Amino acid sequence: MAKLTGAEILIRSLKEEGVTHVFGYPGGAIIPLTDKLYGEKSLIFHLTRHEQGAAHAADGYARATGKTGVCIATSGPGATNLVTGIATAHMDSIPMVAITGQVKSALIGNDAFQEADMVGITRPITKHNYLVKDVRDLARVVKEAFHIASTGRPGPVLIDLPVDVQLQEAEFKYPKTVALKGYKPTYKGHIGQIKKIAKAIQKSKRPVIYAGGGIIHSGADKELARFARKANIPVTMTLMGLGGFPGDDPLSLGMLGMHGTAYANHAVQASDLLIAIGARFDDRVTGRVDAFAPDAVVVHVDIDPASVSKNVRVDIPVIGDATEILKELNKLVKKGDYIEWHEMIAGWKRELPLKYQEDDRLRPQYVVEQLYELTKDKDVIIATEVGQNQMWAAQHFTYTRPRTWLSSGGLGTMGYGLPAAIGAQIGKPDSIVFDIAGDGSIQMNIQELALAVMEKIPVKIIILNNGYLGMVRQWQELFYDKRYAFTVLSEDNCTMCPDFVKLAESYGAKGIRVNKKADVKKALKAALKEQGPVIVDFIVEREENVFPMVPAGESISNMLHGLA
Amino acid sequence: MQKFVLSVLVENKFGVLTRVAGLFSARGYNIGSLAVGETEDPGISRMTIVVEADEKILEQIKKQLNKLIDVLRVQDLTGGEHVGRELILIKVKAEDIKAREKIVQVVDSTGGEIVDIGKKALTVEESGDEHRIRALIELLRPYGILEIVRTGKIAMQSEA
Ligand SMILES: Cc1ncc(C[n+]2csc(CCOP(=O)(O)OP(=O)(O)O)c2C)c(N)n1
Ligand SMILES: [Mg+2]
C-alpha cells in the first residue's frame, strides 16, 4: 500500500466523513495541511479573517445543515483564537471538529514558539480532545472524533496535530467502526418510563411541553408535532428549541424564560405536568429554581443522563434520543382535550401578548416583525448576535422549521452571528440568510465581511443600531439607577462610530441606512434583492427595552412588562 | 456532607488523570483523596476517589464521570461491602531512649512497622483501613509528628 503523509491522511479522512467545507486560517504549524488543501475541489477551505470566525462559521454550518462543522487553525495564537468558538459550540451541543496545528512533537513542553497546550486549554470546553503523536493513529482519531462529535449529546472535539506528524508517512486505511469502550450513548428510552409518561398525561389537567435544542439535534420536530397535536398539549420552546415546533401553530406558546412570553411562563407555572424534552433547565429558563413549575409532575426526556435532575427534581426521567422516545410515546398517547386549560391559556394570550409601543418611531421590534412579514413564505435562516437584538429576533420573528434559527444560547457569545450566518449560507446556498445584529456585537467579528464579499456569500446583516450595549444598558436602567457605565457606543462627538454604511462599502459590500419607520420595508426589500452581502443599519430607538423580563434569580411568575 | 468511595475504571491513556481531576475542579466538587494505579489489564487503570458530597452532588459526580470518554465504569463502593486500605508513613520525633521505646511498643501493638531509624526521628509505616490509620496517628501524636505521607485510599468490592 502506498504511504500518505499525515496531512494527506487527514484530508482523506475528512472526505470519508463527507466533509466538503472547512473554515480556517493558516500559520506555520499547519502549513503542511493547508498546502495539501490548496486546489482541492471537493473539500473547500474558506479563509475567515479571524480564527474565532472560523469556529463560529463551522458552528453555523453545523446548525444549519445538521452535519459536523470543521475548523482549522495553526498552533498557539491561532488555536487559542478558536477557544470562544469551541466553547460556544460546547454549550449549545453543536457537532464540530476543530483541527489545530501544534509545534513539532520534540518541542512540545518546551515553551516553543507559538506553543499552547490546546488539549489542556480545551479540556473543559470540548466533548473530547486528542493530541496525535503518531501518524499511524491519525485515521482512527479522526474517525473517533467525528463519531463522538455527532452522536449522543453532540459537541466539539479537538484534534491537535504536531507539524511533524502532518509530514510523517503511514499507510492509509480508514476504520469502518470505532471501538470506544467508555462511550455508548443510550438512544432507546426505557419503555416502562415511557408508559409512565403516557399515564401521567392521562391524569394531567394542565400539561405543557417544554422543548429544547435536543429536538433540533435529534431531528425530532416531526415526532414532537405529532405528539403535541395528538395529545393536544401546548408547547413552549427554549431559545435553543425555536423552530423545533412551528411557532405559528395554535399550540405554540413561543419561548419561555427570562424573556419568554408571559403566556408561556404562566402556563409553565400553572401546569400540573411539565414534559421537558431535550432541554436542560438552564437558569435563564427556570428563574428561581424552587419556584419553577411548583405544582408540576416533571418529566425529563434527555440523551444526557447528567442533565437529568441536575437543576430541578425530576419525577419521570427517560434517558435516550428524543425522536426514538417520542415515536414510542406517540404509540401510547390518546387524544386529549384539556378544554379548560386551553381556555385559560387563550386568556393569557389575549391579555398578555408580546407587544411594543406602536407609534411612528423606528423601533427594533418593528424591524424584526417586518422582516418576518416579508420573508415568511421564503426559505430563510436567521442568525443572531447577542443582547437585545437576539431577544427581539427570538420574540418577533416566528420560526416554523428546525435549523432556521442560529443563536448562541448557552454561552451568549457576541460576535457569533455574522460568521455563523456565513457558515450557514455556505451549507445552505439556496436559503436566504440574515444576521440580526447589535451595533456592539457586529463589531466583534465584522472582519468576516471580507470573506463574504470575496466568496460572494450573500448574507444580509440587519443592525438594530441603538448606540448602546443595549442589553447591559437595560439592566443598568432597571437595576443600577440608570448608571450607563461603559455601555455607550455612540455619543455626540462620535455619532457614527463606525459608520456602518461606509464600513460595508469599504469591504466592498452594500450598505443601507434607515432612520425612519416608513423606510423599513423598502430597505428590507432592497436587501432581499441584493446579490451580494449587505448591511442594513437601522438607527432604532436608543433606549428600547426587551419585555417581558424576569429579573435574574426571581421566579418566572414575576415578569416585568414595561407597557402593561 | 458525607464521604463516598468511588472506584473508577479508566483507559490507561495520556491525560486521563487531568480529565478526572479537571472535572472535579471545574465543577467545584471536593476530592478527599485520589489513588491511581494499573489494574490486571495494563490498558486499564483504577482510580479510587474519596469524595465529600451530598447525595445529589454525588449523583452528578457519577454522571459527569461517566460522560468522560476515557471512563469505562464508575462504581460506588460506599454502601456495599468493600475492602478499603491506605498506606501511611509517619515520621515521629524520637530524641531520647524512653520515647523510642514507647514508640516501638505502640507500633508493635498496632501491627505497624518501623522502616527508618534516624538520630532524632523514627519513620513508621502502617497500612490498613481508615480506623487503624487514624488510631495510629492519635497514638503517635503525643510524641510529636514531624511529617505524614498518605497514599489515599484504595478500595475493592468484596466477593459475595
Ligand atoms: C463576548 C461577549 N462580551 C460581553 C458580553 C456581555 N453582553 C451581553 S449583551 C451585551 C450588549 C450587546 O450589545 P449590542 O450588540 O449592541 O446589542 P444590543 O443589546 O444593543 O441589541 C453585552 C456586552 C457578551 N455576551 N459577549
Ligand atoms: Mg446595541
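Residues numbered from 1 in each chain as written. Chains lettered and ligands numbered in written order. Predicted model: local features only at pLDDT ≥ 70, side-chain atom pairs only at ≥ 80, totals over all residues. Heavy atoms only, no water.

**Examining the environment of D430 of chain A**
Residue and element names in this part refer to chain A.
Here is step 1: Tracing the chain through its elements places D430 in the loop between α18 (417-427) and β17 (432-438).
Here is step 2: What makes D430 exposed here is its relative accessible area of 71%.
Here is step 3: In sequence terms D430 and D379 are 51 residues apart; their C-alpha atoms lie 7.8 Å from each other. (Helix = DSSP H or I, 4+ residues; strand = E, 2+ residues; numbered from the N terminus. Buried < 20%, exposed > 50% of the residue type's maximum accessible area, 1.4 Å probe, protein only.)

**What about the pattern of salt bridges?**
Residues and elements named next belong to chain A.
Here is step 1: For the structure on display, the rule yields 39 salt bridges over all chains.
Here is step 2: The partner of R63 in a salt bridge is D92, with the nearest N and O atoms 3.1 Å apart. Of this pair, R63 sits in helix α3 (residues 51-65) while D92 sits in the loop between α5 (83-91) and β5 (96-102), and the two are 29 residues apart along the sequence.
Here is step 3: A single salt-bridge network, built from bridges that share partners, covers D59, R63 and D92. (Salt bridge = Lys/Arg side-chain N within 4 Å of Asp/Glu carboxyl O.)

**Structural notes on the sheet that holds strand β2 (residues 30-38) of chain B**
Residue and element names in this part refer to chain B.
Here is step 1: Read from one edge to the other, the open sheet built from 4 strands follows the order β2-β3-β1-β4, with strand pairing classed as antiparallel. One side of each edge strand has no neighbouring strand; the edge strands of this open sheet are β2 and β4 (71-76). Neighbouring strand axes in the sheet, compared pairwise and without regard to direction, differ in orientation by 20° on average.
Here is step 2: In this sheet, strand β3 (residues 44-53) lies alongside strand β1 (residues 2-11) in antiparallel orientation, the contact comprising 10 bridges. Directly across from S7, in β3, lies its bridge partner T48. (Pairing = 2+ DSSP bridges. Axes fitted to C-alpha atoms, helices over the stretch in contact; angles between N-to-C directions.)

**Description of the interface of chain B and chain A**
For an interface, size is often stated in terms of accessible area lost upon the parts coming together.
Here is step 1: The interface is formed by 18 residues belonging to chain B together with 19 residues belonging to chain A.
Here is step 2: Around 1,500 Å² of area is buried between chain B and chain A when both sides are counted, 54% of it from carbon and sulfur atoms.
Here is step 3: Broken down residue by residue, the surface that chain B buries against chain A is led by R19, K63 and I69 of chain B, which jointly contribute 41%.
Here is step 4: Across the contact surface, chain B and chain A share 1 salt bridge.
Here is step 5: Linking K67 of chain B and D304 of chain A is a salt bridge whose minimum nitrogen-to-oxygen distance equals 2.7 Å.
Here is step 6: Along the contact surface separating chain B from chain A lie 6 residue pairs in polar contact (both at pLDDT 80 or more).
Here is step 7: Only α1 (16-26), α2 (55-67) and β4 of chain B provide two or more residues apiece to the side of chain B that touches chain A.
Here is step 8: Of all the elements, α2 of chain B adds the most residues to the side of chain B that touches chain A, at 6 residues.
Here is step 9: Residues that form the side of chain B that touches chain A fall into these classes: 7 nonpolar, 5 polar and 6 charged. (Contact = heavy atoms within 4.5 Å. Buried area = accessible area lost by both parts, 1.4 Å probe. Polar contact = N/O pair within 3.5 Å; in protein donor to acceptor, adjacent residues only side chain to side chain. Nonpolar A, V, L, I, M, F, W, Y, C, P; charged D, E, K, R; others polar.)

**Points about the domain arrangement of chain A**
Residue and element names in this part refer to chain A.
Here is step 1: Taken domain by domain, chain A consists of domain 1 (3-171), domain 2 (191-351) and domain 3 (364-539).
Here is step 2: Distance from the C-alpha centre of domain 1 to the C-alpha centre of domain 2: 37 Å.
Here is step 3: On the domain 2 side, the residues contacting the 8 residues of domain 1 number 6 residues.
Here is step 4: Buried area between domain 1 and domain 2, both sides added, is near 580 Å², and the carbon and sulfur share of it is 58%.
Here is step 5: Counting across the interface, domain 1 meets domain 2 through 1 salt bridge.
Here is step 6: Taking the shortest distance from any N to any O, the salt bridge between R153 and D304 comes out at 2.7 Å.
Here is step 7: Across the domain 1-domain 2 interface, the total number found is 4 residue pairs in polar contact (both at pLDDT 80 or more).
Here is step 8: Its residues assigned to classes, the side of domain 1 that touches domain 2 shows 3 nonpolar, 2 polar and 3 charged. (Domains from an automatic or database assignment.)

**Re helix α12 (residues 262-270) of chain A**
Residues and elements named next belong to chain A.
Here is step 1: When you tally the buried positions in α12, you get 8 out of 9 residues, the bulk of the element.
Here is step 2: Turning to α12, its buried residues number three or more, namely A262, Y263, A264, N265, A267, V268, Q269 and A270.
Here is step 3: On its buried face, α12 is in contact with β9 (207-211), β10 (235-237), β11 (252-255), β12 (273-277) and α15 (339-351).

**As for the site of ligand 1**
All names here are of chain A.
Here is step 1: Neighbouring ligand 1 are 17 residues; Q388, G412, G440, S441 and G470 lie closest to it.
Here is step 2: Between ligand 1 and M471, the relevant distance is 2.8 Å, taken from an oxygen atom to a main-chain nitrogen or oxygen of the residue.
Here is step 3: Burial of ligand 1 by the protein amounts to 76% of the accessible area it has alone, namely 580 Å².
Here is step 4: Taken together, the elements giving at least two residues each to the shell around ligand 1 come down to α17 (388-396) and α20 (470-479).
Here is step 5: Of the residues forming the shell around ligand 1, the biggest block, 3 residues, is contributed by α20.
Here is step 6: Tallied by class, residues from the shell around ligand 1 come to 7 nonpolar, 9 polar and 1 charged. (Near = heavy atom within 4 Å. Areas by Shrake-Rupley, 256 points an atom, 1.4 Å probe, with all protein chains shown as cover.)

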